[in-house]
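Descriptive structure summary
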Amino acid sequence: MTHRRHVLQLAAALALGAAMLPAAQAQSEPIKIGVILPMTGQQASTGKQIEGGIKLWQQQTGGKIGGRKVEVIIKDDGTVPDQTRRLAQELVVNDKVVALAGFGITPSALATAPIATQSKTPMVVMAAATSAITEASPFVTRTSFTLPQAAVAIAEWAPKNGIKKVVTLVADYGPGNDAEKFFADRFKLNGGQVLEQLRTPLRSPDFAPVLQKVRDTKPDALFVFLPSGQGAQFMKQFAERGLDKAGIRLIATGDVTDDDQLADMGDVALGVVNSHHYSAAHPSPANKKFVAEFEALNKFRPNFMAVGGYDGMRLIAKGLEQTKGAGGQALMDAMKGQTFESPRGNILIDAQTRDIVQDMYIRKVEKKDGQLWNIEFDVIKQMKDPGKSK
Ligand code: DHB
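Since this is a predicted model, take the numbers as computed values, not measurements.

Lining the immediate surroundings of the ligand are 15 residues, of which Thr106, Ala129, Tyr173, Ser228 and Asp255 lie closest. Between the ligand and the protein, one listed contact pairs an oxygen atom with a backbone N or O atom of Ser228 at 3.0 Å. Looking at the shell around the ligand residue by residue, the classes come out as 9 nonpolar, 5 polar and 1 charged.

A few words on the sheet that holds strand 6 (residues 140-142). With respect to topology, 6 strands assemble into an open sheet ordered 2-3-1-4-5-6, the strand pairing being mixed. Bordering the open sheet on either side are strand 2 (64-65) and strand 6, each of which pairs with just one other strand. Against the sheet, helix 11 (residues 304-323) makes contact with strand 1 (31-37), strand 2, strand 3 (68-76), strand 4 (99-102), strand 5 (123-125) and strand 6, and its axis sits at roughly 155° relative to strand 1, the strand it touches most.

Moving on, we get to the side chain of Thr79. When you line up the elements, Thr79 lands in the loop between strand 3 and helix 4 (81-93). Thr79 has contacts with Pro38, Thr40, Gly41, Gln42, Gln43, Ile105 and Arg203, leaving out every residue within four places of it along the chain.

Phe183, Leu222, Val224, Phe234 and Ile251 are the most contacted members of the largest nonpolar core, which totals 114 residues. For this core, the leading source of residues is helix 11, giving 10 residues. Not counting residues up to four positions away in its chain, the partners in contact with Ile251 are Ile154, Trp157, Ala158, Ile163, Phe183, Ala221, Leu222, Phe223, Val224 and Val273.

A separate point is the packing of aromatic side chains. Evaluated as defined, the whole model comprises 10 aromatic pairs. Measuring from centroid to centroid gives 6.0 Å for Phe145 and Phe304, while their planes differ by 85°, and the two rings are edge-to-face. Here Phe145 is found in the loop between strand 6 and helix 6 (147-157), whereas its partner Phe304 is found in helix 11, with 159 residues between them in sequence. Note on accessibility: Phe145 and Phe304 belong to one class, buried. Pairing Phe290 with Phe294 gives two aromatic rings, centres 5.7 Å apart and planes at 40°, and the pair type is tilted. Pair noted here: Phe290 and Phe294 are both in helix 10 (residues 285-298), with a separation of 4 residues, about one helical turn. Of the two residues, Phe290 and Phe294, both sit in the buried class. Among the aromatic residues, those joined into a cluster by ring pairs are Tyr278, Phe290, Phe294, Phe300 and Tyr310.

Analysis parameters
- Residue indices begin from 1 for each chain and proceed along its sequence in written order.
- With pLDDT at 70 or above as the cut-off, local features in this predicted model cover only qualifying residues; side-chain atom pairs require 80 or more to be listed or tallied, and sums for whole chains, interfaces and linings still use all residues.
- Hydrogens are left out, water is left out, and the side-chain values use all remaining heavy atoms of the structure.
- Here, proximity means that at least one heavy atom of the residue falls within 4 Å of the molecule or strand.
- Polar contacts here mean pairs of N or O atoms no more than 3.5 Å apart (in protein, one a potential hydrogen donor and the other a potential acceptor; neighbouring residues in sequence count only if both atoms are side-chain atoms).
- The nonpolar class holds Ala, Val, Leu, Ile, Met, Phe, Trp, Tyr, Cys and Pro. Asp, Glu, Lys and Arg form the charged class, and all remaining residues, Gly among them, are polar.
- Two strands qualify as a pair provided DSSP detects at least 2 bridges between them.
- Runs of H or I in DSSP of at least four residues are treated as helices and runs of E of at least two as strands, each being numbered from the N terminus.
- Two residues qualify as a contact provided that any one of their heavy atoms is within 4.5 Å of a heavy atom in the partner residue.
- All axes are obtained by fitting lines to C-alpha atoms, using only the stretch in contact for helices, and the reported angles, taken between N-to-C directions, cover 0 to 180 degrees.
- The term nonpolar core refers to a set of buried residues drawn from Ala, Val, Leu, Ile, Met, Phe, Trp, Tyr and Cys, joined through side-chain atoms within 4.5 Å.
- Burial classes: relative accessible area under 20% of the type maximum marks a residue as buried, over 50% as exposed, and values in between as partly exposed (1.4 Å probe, protein chains only).
- Planes of paired rings set the category: under 30 degrees apart is stacked, over 60 is edge-to-face and the rest tilted, where pairs are Phe, Tyr or Trp rings (Trp by its six-membered ring) whose centres lie within 6.5 Å.

So, in structure tokens, the structure goes:
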């Protein structure tokens, strides 16, 4: 199907759907939200975590917004961007969802953005973290984070703490490009030197050859970004290759010391300094309540993906309360400028960029009560996405 025909069919289907629904019936029907997640495939832990956050939101609110029932339709894209796009189209045309949400990886979010634009359906990115995603459509907003936020935070910390020469290692796609560039630019600005920039493929990476290269290059530290789910395998190989014993420090974005896997990483993770927006150990009363209720419901520790899902539902709900259930541009406008206390700390949806403004923490992996946690010890308050030109 040509692009233009596809757009026209979508528009016609939407117009027909709206015309056929009498107002009174529309009010009594549930509000539908379509969530597309990788429930299978390489990034399945992201789907599991976000679903857990959505379930907690449903439990706490009775699954209602302003007295009206909310139906959350979860679809599995299998970590395949073409599937994400196809499912988004079905959710908009057939299910008439007021919002699309989820999006486990950047390519899935980017593949769907044109559907959001064409159908004027707000799209809430709960996981993917390449800066440019919010610029792909005026209907995109985000409750996860951006790699420039995390990379700049650790590039501020490292040179002040004895790290002058680094090698960088990132997953070779959107968020990895952002992490590599924003880390290197800020690190060099702060007087540091980048000796080498290495990449591994998103799918089925083998870390052995790049780690051997790092060993030979002998930097003060290795800076790493890998997507959620790859951290444990990476840490295992980092130890097996003896890089820790060779005196090469590891610094990372918090995706690598992910709370979903951290408990199983073993002592090799101890002392790894990293930057991120959420730790399950964040010491606020709101987070303690969140973690306790999440674990009681889902039987596993929440990570940053879970919080992105939970906050994404809260953001959509706050918007729908204002619009009295209406979607489209009204819902998009109602989400801009929203601010509330997340388990991670206070967050704001920047009204200009539609991206998230939040605290970025510097954390160290420590053992408490026999388990590993990311313990926050420094913070950059209310950081906007450094990747936005505006
Ligand atoms: C993306 C995916 C992740 O699992 C992550 O931790 C960060 C970014 C992404 O594809 O944008």
